[in-house]
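For reference, the chains in residue letters:
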Amino acid sequence: PVTEYPVADRGEPVELSGGTLTGDDLDVADLRGDVVVVNVWGSWCGPCRIEAPVLAQVSEDYRGRGVSFVGVNVKDNRAAAVAF
């Protein structure tokens, strides 16, 4: 099911920025107008390992269609995150 919230009920956009695993800077404010899927993950997380291929496929399916995917890694060092 999809829940749609009226604009008047949505509040302010989330502020989220930081460095990427490729060394770039990311600010989700630059993605305004897109649907932004934010996924919090860790290489050590079992459910994250299961959902990662699904999210990668959906990301590919929606490439260029106004949907952006942002992963927020928690607790991993850079090498483990990149390897994942």
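See above for the structure.
Rules and cut-offs
Residues numbered from 1 in each chain as written. Predicted model: local features only at pLDDT ≥ 70, side-chain atom pairs only at ≥ 80, totals over all residues. Heavy atoms only, no water. Helix = DSSP H or I, 4+ residues; strand = E, 2+ residues; numbered from the N terminus. Buried < 20%, exposed > 50% of the residue type's maximum accessible area, 1.4 Å probe, protein only. Lys, Arg positive; Asp, Glu negative; His and termini not counted. Salt bridge = Lys/Arg side-chain N within 4 Å of Asp/Glu carboxyl O. Polar contact = N/O pair within 3.5 Å; in protein donor to acceptor, adjacent residues only side chain to side chain. Contact = heavy atoms within 4.5 Å. 1 Å grid on protein atoms, 1.4 Å probe; cavity = no way out; pocket = protein on both sides within 12 Å on 5 of 7 lines; lining within 4 Å. Points joined across faces, edges and corners; volume = space filled by probe spheres on them. Patch = residues over 30% accessible without salt bridge, like charges linked within 9 Å, V, L, I, M, F, W, Y side chains within 5 Å. Areas by Shrake-Rupley, 256 points an atom, 1.4 Å probe, with all protein chains shown as cover.

(A) Seen up close, the side chain of D76. Relative to the helices and strands, D76 is located in the loop between β4 (67-73) and α2 (78-83). One buried charge, D76, has no salt-bridge partner; the nearest side chain with opposite charge is R49, at 7.6 Å. Polar contacts involving the side chain of D76 include one to the main-chain amide nitrogen of S43, which spans 2.7 Å. In terms of polar contacts, D76 uses its side chain to reach the side chain of N73, at 2.8 Å. The contact partners of D76, leaving out residues within four places of it in the chain, are W41, G42, S43, W44 and A81.

(B) A look at the layout of surface pockets. When its volume is computed, the largest pocket comes out at roughly 870 Å³. Taken together, 28 residues form the lining of the largest pocket, with W41, F69, V70, G71 and V72 sitting closest to its centre. Residue assignment for the lining of the largest pocket shows that the elements contributing at least two residues are β1 (17-19), β3 (35-41), α1 (46-61) and β4. Broken down by element, the lining of the largest pocket gets its largest block of residues, seven residues, from β4.

(C) Here's a closer look at a nonpolar patch on the surface. Judged by side-chain polarity, V36, V38, V40, W44 and V74 come together as a nonpolar surface patch covering roughly 420 Å² of accessible area. Positionally, V74 belongs in the loop between β4 and α2. Among the residues examined, V74 registers a relative accessible area of 31% and is labelled partly exposed.

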